[in-house]
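Okay, here's what each chain looks like letter by letter:
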Amino acid sequence: MTGARTRNVGVFVRARRAGWERLEALAARAVSGRLPLAEIEELDRLYRRAGGDLAFARAAFPGSDVEAHLADVTARAYAALYRPRTSPGRRLLALLADDAPAAFRRHLRALALAAALLGGGIAAGALAVAADPGAAGVLVPEPVRDAVAARRMWTEHLVAIAPGVSGSAIARNNVTVASLAFALGLTGGVGTALLLAGNGLLLGAVLAHAARGGMAGPLLSFVAAHGPAELSAIVLAAQAGFVLAAALLDPGEWPRSAAVAAAGREAAPLLAVVVPLLAMVALVESSVSPSARFAPWAKGAVGLGLAAAVWLFLGLRGRRPPRPVPPSRTVPGEGPDGVRA
């Protein structure tokens, strides 16, 4: 983009941004509740003006961030004005069935980065303990080391606790980790990356230490039912965190705060998948994983099946073509003021 064009984009954004932000706020309120007649009229007027701005941006600044943002704003305003009013349940279903898979597919590089950091941490922890057993004294928690030395599982207490009680504690812990993976995207992704690598390092070290102590079988039997889905949820939360980080580090033509806010809205549907997935993981981890009534192969089938279902749903559903952006209605004479292409 030339310097003159960059300046003109900045003039355009500064001149019109207040109206776009007001349009976004009104559209969000219209979707979640009722608006008084005066605000409905204001929403319609701002939508038509934003449609004119979008037509101008497509002609003057094709392929720019401002064009993409206006397309999104006008689509959401159109939906608020003309879409039949739906119940909160239907909106939640649409969030899970449409918005989350679409966001998943749009940010595959963030997903790959999250998976690589977690996988790299697991490999590093396992290799460190395999190469130097003394590294377990640093990487593996003392209660785990004591349990391996006594050749017993350190998770035996879960059997004696009611699944509902232990499940709620597990769910709180897992949701806390996932929330941190997302929120630490505001550190430019550094905190998210450290969280992934650190958890991977711990997991790899524990696996290697258990294997050296002859406890690999019991440990794998325990984690088989819930581990794949739990790691999947953490990777998805970290993917959302890296979406935040990308907007913070490279806001494009927008003010950094506006870019981060838009990225938060973009990543939120991923968290709508993560939270119920972690609730299901907690139930499995507190009931199926510690139970001797389930064979190891059955636990593995449950864990792999649950994780595969999540990935297949997001991957295949996300390949659906996006819903078309409705054509905007422009108002004659309402073109942007003081801006040259």
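No experiment lies behind these values; they were computed from the predicted model shown. (Residues numbered from 1 in each chain as written. Predicted model: local features only at pLDDT ≥ 70, side-chain atom pairs only at ≥ 80, totals over all residues. Heavy atoms only, no water.)

Draft legend 1. Spotlight on the layout of surface pockets. For the second largest pocket, the calculated volume is near 1,000 Å³. Surrounding the second largest pocket, 30 residues form its lining, Leu203, Val223, His226, Glu230 and Glu285 being those nearest its centre. Of all the elements in the fold, those that place two or more residues in the lining of the second largest pocket are helix 5 (108-131), helix 7 (142-149), helix 8 (157-160), helix 9 (163-183), helix 10 (190-212), helix 11 (216-223) and helix 12 (227-249). Examining the composition of the lining of the second largest pocket, we find that six residues originate from one element, helix 10, more than from any other. Here the lining of the second largest pocket is built from residues that sort into 20 nonpolar, eight polar and two charged. (1 Å grid on protein atoms, 1.4 Å probe; cavity = no way out; pocket = protein on both sides within 12 Å on 5 of 7 lines; lining within 4 Å. Points joined across faces, edges and corners; volume = space filled by probe spheres on them. Helix = DSSP H or I, 4+ residues; strand = E, 2+ residues; numbered from the N terminus. Nonpolar A, V, L, I, M, F, W, Y, C, P; charged D, E, K, R; others polar.)

Draft legend 2. How the structure looks around the nonpolar core. Membership of the largest hydrophobic core comes to 63 residues, with the highest contact counts inside it found for Trp20, Leu23, Val66 and Leu236. Tallying contributions element by element places helix 12 first for this core, with twelve residues. Here valine 66 is in contact with Val9, Phe12, Val13, Trp20, Ala57, Phe61, Glu253 and Trp254, once residues within four sequence places are set aside. Within the second largest apolar cluster, 13 residues are counted, among which are Val144, Met215, Leu219 and Phe222. (Core = buried A, V, L, I, M, F, W, Y, C linked by side-chain atoms within 4.5 Å. Buried < 20%, exposed > 50% of the residue type's maximum accessible area, 1.4 Å probe, protein only. Contact = heavy atoms within 4.5 Å.)

Draft legend 3. Representation of the packing of aromatic side chains in the model. As enumerated under the stated definition, the model contains six aromatic pairs in all. With centroids separated by 5.2 Å and ring planes inclined at 55°, the aromatic side chains of phenylalanine 12 and phenylalanine 56 adopt a geometry described as tilted. Of this pair, phenylalanine 12 sits in helix 1 (residues 3-32) while phenylalanine 56 sits in helix 2 (residues 37-60); the two residues are 44 residues apart in sequence, bridging distant segments of the chain. Judged by its relative accessible area of 0%, phenylalanine 12 falls in the buried class. Between phenylalanine 104 and tryptophan 311, the aromatic rings sit 5.9 Å apart at their centres with planes inclined by 50°, giving tilted as the arrangement. Of this pair, phenylalanine 104 sits in helix 4 (residues 88-106) while tryptophan 311 sits in helix 14 (residues 296-317); the two residues are 207 residues apart in sequence, bridging distant segments of the chain. You can call phenylalanine 104 buried: its relative accessible area is 5%. Among the aromatic residues, those joined into a ring-pair cluster are Phe12, Trp20, Phe56 and Phe61. (Phe/Tyr/Trp six-rings, centres within 6.5 Å; stacked < 30°, edge-to-face > 60°.)

Interpretation in functional terms is not warranted from these geometric data alone.
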